[in-house]
Amino acid sequence: MNRFKKMWSAALLLGALAVSSCGLLDTPEYPDGDFTIVGTWEYHVPALEGSSPNEGQVYNAEGQITFTTDKRFCFTLSTDRGEVKGYGTYRVDEDSGVFLTYSGYDEASQPVLGNCVGCLEDIHSIGWGWGEALTDDRVEDDYLKTHTDIEEYFRVETQPYEEVLAPYPAADGTAYYYVEHNGKVLFALPEPYVPAE
């Protein structure tokens, strides 16, 4: 009788393990056919770690990024020096994430970086499904966990797309910095950028 109970317990345990492992296999770690990045996502730019801030880089800020159906994006960072904004185009690689082209900065970058149209292309900004960290990545309809600079994105009510450039001013107001949506510096300008009319 004891032997029968032990066999029955072992069978129940194996069954429970099989069911739980099936649940793990169903975890949405990769985008499926119904997933779309289109819409607005909120995120947090991490605080400064270490003792030396990178001048012009945004730390500890709330962000929103909006993706449209026609492959455009825009973002806003709420910083200690006002709102920072940018825009561009994007593409999605099903296995590795979202690549952003900060096309709104091309004209602004030319006086600083030379004839730079296209030099800010295809920055791998929201990554999933590649590298050693891929087992931690999650791609869901309303939540992304990624292994790139911003680790979590949360879908919120879709905001309107806008083509606005707003740089991040230096603490003393003598320079202005164009940044990626994750707060990383792309380049600095000696004065505010005013688009030609």
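Residues numbered from 1 in each chain as written. Predicted model: local features only at pLDDT ≥ 70, side-chain atom pairs only at ≥ 80, totals over all residues. Heavy atoms only, no water.

Along the chain, Tyr161 falls in the loop between β9 (152-156) and β10 (168-169). Along the backbone, Tyr161 and Phe67 are 94 residues apart, and their C-alpha atoms lie at a distance of 7.8 Å. Look past the residues within four positions of Tyr161 in its chain and what remains in contact with it is Thr68, Arg72, Phe73, Cys74, Tyr87 and Gly88. Within the structure, Tyr161 has its side chain in polar contact with the side chain of Glu163 (distance 2.9 Å). (Helix = DSSP H or I, 4+ residues; strand = E, 2+ residues; numbered from the N terminus. Contact = heavy atoms within 4.5 Å. Polar contact = N/O pair within 3.5 Å; in protein donor to acceptor, adjacent residues only side chain to side chain.)

Time to look at the packing of aromatic side chains. For the structure on display, the rule yields 12 aromatic pairs. An angle of 5° between the planes, with centres 5.9 Å apart, marks the rings of Tyr102 and Tyr105 as stacked. Residue Tyr102 is classed as buried on the basis of its relative accessible area of 0%. Ring centres 4.8 Å apart and planes at 70° place the aromatic pair Tyr105 and Tyr178 in the edge-to-face group. Here Tyr105, found in the loop between β5 (97-101) and α2 (106-113), pairs with Tyr178, found in strand β11 (residues 176-179); they are 73 residues apart in sequence, far enough to count as distant. With respect to class, Tyr105 is no different from Tyr178; both count as buried. Members of the aromatic cluster, connected to one another through ring pairs, are Phe67, Phe73, Phe75, Tyr90, Tyr102, Tyr105, Tyr178 and Phe187. Here the basic side chain of Arg72 rests over the ring of Tyr161, its NZ or CZ set 4.1 Å away from the ring centre. (Phe/Tyr/Trp six-rings, centres within 6.5 Å; stacked < 30°, edge-to-face > 60°. Buried < 20%, exposed > 50% of the residue type's maximum accessible area, 1.4 Å probe, protein only. Lys NZ or Arg CZ within 6 Å of the ring centre and 35° of its normal.)

Taken together, nine strands build an open sheet; the order of strands is β6-β5-β4-β3-β2-β1-β9-β8-β7 and the sheet is antiparallel. The open sheet terminates on both sides in strands that have one partner only, identified here as β6 (123-127) and β7 (138-139). Where strand β2 (residues 61-67) meets strand β3 (residues 72-79), six bridges bridge the pair, whose relative direction is antiparallel. Bridging from a neighbouring strand, Ile65 pairs with Phe75 of β3. (Pairing = 2+ DSSP bridges.)

To continue, consider the pattern of salt bridges. Considering all chains together, one arrives at eight salt bridges under this definition. Put simply, Arg138 and Glu140 hold a salt bridge, and the shortest N to O gap is 2.3 Å. Among the salt bridges present, the one from Arg155 reaches Asp141, with a minimum N-O distance of 3.8 Å. You can see Arg155 sitting in strand β9 and its partner Asp141 sitting in the loop between β7 and β8 (143-145), a full 14 residues away along the chain. Among the ionic contacts, a cluster of salt bridges with common partners joins Asp70, Arg72 and Glu163. (Salt bridge = Lys/Arg side-chain N within 4 Å of Asp/Glu carboxyl O.)

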